[in-house]
Amino acid sequence: MGRLASVYGQAVAAHRVGRAHLDAARRAVDTTAAPGTPTETLVGRLARLGDALAAPEPAPIAGTPVAIRIGTASTADGGFPALVPLGGGHHLAVDADADDARVAGLLRAVVLRLLAAAPPGAVRVAGLDTTSPDAAGSRPAGLAVGPLRPLIDAGVLPGTGDGGIGALLGVAERHARAARQAGRADQELLVVVVGASPPPEAAARLAALIEAGPAAAVCVLAAGWPPPTDRPVLGGTTQVRLAEVYAHVGDPPGVPFSADGNGLAAPVLLDGDPPAAEVAALAERLSAPGNGVEVAALLPERRWTGSAAGGLRTVIGRAGPEPVAAALDRVTPHWLVDGSAGRASFLLTVVHGLAARYAPADLWFHLLDVTGRAGFADLAPAAGDPSWLPHARTVGIEPDREYGVAVLRDLRRELRRRIAARKRHGVAAAADQPRIVAVVDGFEALLAGGDTLAREATDLLVELVRAGGPAGMHLVLAGPNPPGALPGRVAAALGRFALRVALPGEPRDAVADPPAGSARLGAPPHATRTVAHRPATGADAVVRLPDAHGAVVRLPDAQAAAGELARLRRELWQARPTGSRPPSFFAGHATVRVEEDATFAGLRPGGRRPLALVGRTVDVDGTTALFIMDAAPGRHLAVVGASATGAAVLRAATLSLARQHAPGDARFLLAPLTGATGSAAEDTARTLTAAGHPVVRLDAAGLRAHLAALAAVLPGTISSPPAGPADGSAGGLAASAPAGRTYLVVFGADAAHEVLATADPETGRTGHDDLRALLRHGPGHGAHLLGWWRGLGSLADDLGDAREDLACLVALDVPGDELSAYLGLPDLWSPRPGRALLVDQHDHRTRLIVPFTGRELDGEG
């Protein structure tokens, strides 16, 4: 009864639309000229009637025909619009091919007016470029669509057709079958444009489509029909016969005007291409996302009432008035979303729809936005809004590939844990675990490059695709490319996805579709069969479900509803379970200062193994990147690279070490040797002094003297500290072991190379000798070097054979091949702005990090 009532209501609505058109026509015909003037002529009335009928309000036209203007009828008394009914089982045929400029212009004008006469998303066009050159190459390669280019660029039209007349008819026949099965009067209307006379077999199929009537929701615009003369007369089809200048409009063909009076007894001057401004305005109106679909209408009335035991389900849009739901379950464990326009909006709709239906105990999200466009940043806490989506576990925005691969690693660990638990405890135990949905926008970037990281990403992704579904772990992978553009193993895995969402945007070539007979529930699509169409507008998606062929779904504009979604998130956040933690958040463009680091804030005096903090690791948890500065050999730090960030990293390491010592328990020797590092070094000295730590400032000569003094008290060193003033600039140092720990911090160590290379006239030792002694023996006696070198070559020259005695390295903008050659390690990294590589040679550890940056020190009090 409910379905019957729905169909009845739709029929009533269509009747009202038709009645409104009839009333408008009657008013136009009944209107006469003003009193005292001659009665208006019939032609004048027809002109006003035509104008009234040709400008209807947008209304569904699959089940109800509308009057579409094709030109101007000419009589001795003047002209009036020539209208033909289209939609609702009515079609148009022209007896010349589209290589005739008049026919091409007419078809383009009719397509435009059909799109304008219907609500956004109610009309889809196929086959604008389906003709082919003849053997001699004299026929144009199709119906040129240049004047309609704004509609193509906006995603309203699919661009040129692909696959010829057979593929085009296949699309139309599948659409007709689906429309008849649905049995609704407000179906999407498929407009099939045939630009040339088709071969006999195709002509028979085309005729069958036309004879199917309004239930098929197909409107055919056929050029090159009816010649030759053995073609069938098509019911419901308006025939246009071209003359030298004018056309004649009537039915049936073969006579100037029809015997029953249905033909138009006047020649018609066909309309050409519409004005460019009209095309552009229509493109803007039809491509606006969210036309007719609101996010709120897709959300459940009550929150968190869904059961995730059998899978997840959410409403993603509408097909006509009906909601379209999609599932993440046994049959459709993963989704593939391809296309550009509206992708971010679609993903936000999915995430919020699922979050509103399922409680955080039943659903976890891992959200990764490689493109920076998906808007996932709003799902994590921010300075102005402390709320977050309580289902989110990780949120990554514009991340490095290393971060994306780290997320996939974590997912694989969870997958293997679940598989092991299922083997031990059975299916029931596994069903109690929350479902995990990983949404990756721009996933193809993780697979690019052909390097070690790309190969690992491929392995991880393929394993998750194959085994994730039964373990309650689902992938929603989004990108601009179909699977064929991806590495072979990934393309094969994704090609088996039973649910595909095709959005507008390049490439417009195809949407995967199962071959005939394999569209039963759960049948995997054939990887090589395609349907050559994409959505009709920028607000649509072609969604291919496992139990049906592709259907056009109207999507909401989630980004335009940002305020509404923010209110939903705050509502969910306020209802979050006690003890909920915000998601781990990584923003690839963000910088971080050491004072903002949680590990830094927790440092206290008294630890046995001081920690030097240098940045944040690019991983899922955003762990602090650090080195242990204990008594083990080699526990010194070298920061290498021309970037001024080196000074900030050195500052962060020094201040973090200072927080772990009580005042007086450590001394700091600071040597700012380049002008560019003066502000960072000065800020470091001020902060240390304010904390009660003794600070000695050194120039190059002072550095040389203190190295000699430190080396003199180390075992195996023959040296006598030079005499001199005790102001820290040179000499005057007692030859005794330092009290507590000593940290020698050198900003721009390469600037002291010449001074250190000079030999002492009495002992013959150079500063480099003393430096290398400090590196080898210093940690065991509480002395550590922290230095910034502006080039890897300078570091190598200063260390000589002692490179193994400096285990801790932070490389900033050092080329990967140079660093690999220096350390004897392959494929370390590719330098990039805002990143550094942490290398611990003794722990055999390398990590990509976000180095700590400094504030703008100059100008601050």
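Cut-offs used in this document
Residues numbered from 1 in each chain as written. Predicted model: local features only at pLDDT ≥ 70, side-chain atom pairs only at ≥ 80, totals over all residues. Heavy atoms only, no water. Helix = DSSP H or I, 4+ residues; strand = E, 2+ residues; numbered from the N terminus. Buried < 20%, exposed > 50% of the residue type's maximum accessible area, 1.4 Å probe, protein only. Contact = heavy atoms within 4.5 Å. Pairing = 2+ DSSP bridges. Axes fitted to C-alpha atoms, helices over the stretch in contact; angles between N-to-C directions. Parallel < 35°, antiparallel > 145°, perpendicular 65-115°, else oblique. Nonpolar A, V, L, I, M, F, W, Y, C, P; charged D, E, K, R; others polar. Expected span 1.5 Å × (residues − 1). Polar contact = N/O pair within 3.5 Å; in protein donor to acceptor, adjacent residues only side chain to side chain. Left-handed = near helix turned anticlockwise from the far one by under 90°. Phe/Tyr/Trp six-rings, centres within 6.5 Å; stacked < 30°, edge-to-face > 60°. Lys NZ or Arg CZ within 6 Å of the ring centre and 35° of its normal. pLDDT = per-residue confidence, 0-100. Lys, Arg positive; Asp, Glu negative; His and termini not counted. Salt bridge = Lys/Arg side-chain N within 4 Å of Asp/Glu carboxyl O. Core = buried A, V, L, I, M, F, W, Y, C linked by side-chain atoms within 4.5 Å.

Quick notes on the environment of Val293
Part 1 of the argument: Here Val293 shows up in the loop between helix 7 (276-286) and helix 8 (295-298).
Part 2 of the argument: What makes Val293 buried here is its relative accessible area of 4%.
Part 3 of the argument: Once the C-alpha coordinates of Val293 and Leu555 are considered, the two residues, 262 residues apart in sequence, prove to be 6.4 Å apart.
Part 4 of the argument: Beyond its immediate stretch of four places on either side in the chain, Val293 contacts Leu298, Arg318, Arg554, Leu555, Pro556 and Asp557.

Topic: the sheet that holds strand 32 (residues 845-851)
Part 1 of the argument: The strand order across the open sheet built from ten strands is 24-23-32-31-30-25-29-28-26-27, with neighbouring strands paired in mixed fashion. Each having just a single partner strand, strand 24 (624-628) and strand 27 (695-697) make up the two edges of the open sheet. For this sheet the average axis-to-axis angle between neighbouring strands, irrespective of direction, equals 25 degrees.
Part 2 of the argument: Bridge analysis of strand 30 (residues 808-811) against strand 31 (residues 836-840) gives four bridges, and the strand direction is antiparallel. Directly across from Ala811, in strand 31, lies its bridge partner Leu837.
Part 3 of the argument: With respect to the sheet, helix 17 (residues 678-690) is in contact with strand 26 (666-672), strand 27 and strand 28 (741-747), its orientation differing from that of strand 26 by roughly 160 degrees.

So, the packing of helix 16 (residues 645-658) against helix 17
Part 1 of the argument: The N-to-C vectors of helix 16 and helix 17 enclose an angle of 10 degrees; their axes lie 9 Å apart at closest approach. Of the possible angle classes, the one that applies to helix 16 and helix 17 is roughly parallel. Residues Ala647, Arg651, Thr654, Leu655 and Ala658 of helix 16 pack against Ala680, Asp683, Thr684, Thr687 and Leu688 of helix 17.
Part 2 of the argument: Partitioned by chemical class, the residues of the contact of helix 16 with helix 17 number five nonpolar, three polar and two charged.

Points about helix 12 (residues 452-467)
Part 1 of the argument: Its 16 residues place the ends of helix 12 23 Å apart at the C-alpha level, agreeing with the 22 Å of an ideal helix rising 1.5 Å per residue.
Part 2 of the argument: Among all positions of helix 12, only Leu453, Ala454, Ala457, Thr458, Leu460, Leu461, Val462, Leu464 and Val465 are buried.

Quick notes on helix 20 (residues 767-777)
Part 1 of the argument: Within helix 20, burial applies to Gly767, His768, Asp770, Leu771, Ala773, Leu774 and Leu775.
Part 2 of the argument: Contact partners of the buried residues in helix 20: helix 18 (700-712), strand 28, helix 19 (753-757), strand 29 (783-789) and helix 21 (792-799).
Part 3 of the argument: The backbone nitrogen of His768 lies 3.3 Å from a side-chain oxygen of the residue at the head of helix 20, namely Thr766.

Brief notes about the packing of helix 5 (residues 164-182) against helix 6 (residues 200-211)
Part 1 of the argument: Contact geometry of helix 5 with helix 6 gives a least axis separation of 11 Å together with a crossing angle of 25 degrees. Taken together, helix 5 and helix 6 sit at an angle that is classed as roughly parallel. Note on packing geometry: the crossing formed by helix 5 with helix 6 is left-handed. Only Ala202, Arg205, Leu206 and Leu209 of helix 6 make contact with helix 5, whose side of the interface consists of Ile165, Gly166, Leu169, Gly170, Ala172, Glu173 and Ala176.
Part 2 of the argument: Here the residues of the contact of helix 5 with helix 6 sort into seven nonpolar, two polar and two charged.

Points about the environment of Gly702
Part 1 of the argument: Looking at where Gly702 falls in the secondary structure, it is placed in helix 18.
Part 2 of the argument: Relative accessible area serves as the criterion here: at 0%, Gly702 is assigned to the buried category.
Part 3 of the argument: Along the chain, Gly702 and Leu669 lie 33 residues apart, while their C-alpha atoms are 9.7 Å from each other.

Quick word on the packing of aromatic side chains
Part 1 of the argument: This structure, assessed with the given rule, holds three aromatic pairs.
Part 2 of the argument: Geometrically, the ring pair formed by Tyr403 and Phe586 is stacked, given 4.7 Å between the ring centres and 15 degrees between the ring planes. Residue Tyr403 is located in helix 10 (residues 401-425), and its partner Phe586 is located in strand 22 (residues 584-587); the two are separated by 183 residues in the primary sequence. A single burial state applies to Tyr403 and to Phe586, both of which are buried.
Part 3 of the argument: Ring geometry for Phe668 versus Tyr743: centroids 5.3 Å apart, planes at 20 degrees, classification stacked. Pair noted here: Phe668 is in strand 26 and Tyr743 is in strand 28, with a separation of 75 residues, a long-range link.
Part 4 of the argument: Phe668 gets classed as buried once you look at its relative accessible area, which sits at 0%.
Part 5 of the argument: Look at Tyr743 and you get buried, because its relative accessible area is 0%.
Part 6 of the argument: Above the face of the Phe600 ring, Arg659 is positioned so that its terminal group lies 4.6 Å from the ring centre.

Re the confidence of the model for the protein chain
Note: predicted coordinates in regions of low pLDDT should not be interpreted at a detailed level.
Part 1 of the argument: Confidence in the prediction of the protein chain, expressed as mean pLDDT, is 80, and 75% of residues score 70 or more.
Part 2 of the argument: Strand 19 (residues 530-531) is the least confidently modelled element of the protein chain, averaging 32 in pLDDT, while strand 25 (residues 637-640) averages 98, the highest of any element.
Part 3 of the argument: Between residues 32-39, whose pLDDT stays under 50, and residues either more than four places distant or in other chains, the model counts four contacts.
Part 4 of the argument: Note on residues 856-861: pLDDT is under 50 here. Beyond four places in sequence and across chains, it has five contacts.

Some thoughts on the pairing of strand 16 (residues 473-479)
Part 1 of the argument: Of all seven residues that make up strand 16, seven are buried, and the element is covered over most of its length.
Part 2 of the argument: Burial along strand 16 is two-sided: the face carrying Met473, Leu475, Leu477 and Gly479 and the face carrying His474, Val476 and Ala478 are both buried.
Part 3 of the argument: Two strands pair when backbone bridges link them, and strand 12 (residues 335-338) and strand 16 are joined in this way by four bridges, in the parallel orientation. Note that in strand 16 the partner of Leu336 across the bridge is Leu477.

Quick notes on the side chain of Arg569
Part 1 of the argument: With respect to the secondary-structure elements, Arg569 resides in helix 14 (residues 562-574).
Part 2 of the argument: For Arg569, which is buried and forms no salt bridge, the nearest opposite charge comes from Asp378, at a distance of 4.4 Å.
Part 3 of the argument: Contacts of Arg569, omitting those with residues within four sequence positions, involve His352, Asp378, Leu379, Trp388 and Leu389.

Structural notes on unusual backbone geometry
Part 1 of the argument: With phi around 55 degrees, Ala217 is a residue other than glycine that occupies positive phi space.
Part 2 of the argument: Checked against the element boundaries, Ala217 lands in the loop between helix 6 and strand 6 (218-223).
Part 3 of the argument: For Ala217, a relative accessible area of 2% translates into the label buried.

Regarding the environment of Leu786
Part 1 of the argument: Note on placement: Leu786 falls in strand 29.
Part 2 of the argument: Non-local contacts of Leu786, meaning those with residues more than four positions away in its chain, are made with Leu637, Leu650, Ala653, Thr654, Leu657, Tyr743, Leu744, Val745 and Val746.

Some thoughts on the side chain of Arg651
Part 1 of the argument: Assignment of secondary structure puts Arg651 in helix 16.
Part 2 of the argument: Excluding residues that lie within four positions of it along the chain, Arg651 makes contacts with Arg593, Val594, Glu595, Ala680, Asp683, Thr684 and Phe747.

Here we look at the nonpolar core
Part 1 of the argument: Core analysis: the largest hydrophobic core is formed by 114 residues, its most contacted members being Val614, Leu637, Val810 and Leu819.
Part 2 of the argument: Ranked by residues supplied to this core, first place goes to helix 16 with eight residues.
Part 3 of the argument: Setting aside anything within four residues of it in sequence, one finds Leu819 in contact with Leu792, Leu809, Ala811, Val814, Leu828, Trp829 and Leu837.
Part 4 of the argument: Judged by nonpolar contacts, the second largest core, of 45 residues, contains Ala355, Leu363, Val553 and Ala558.

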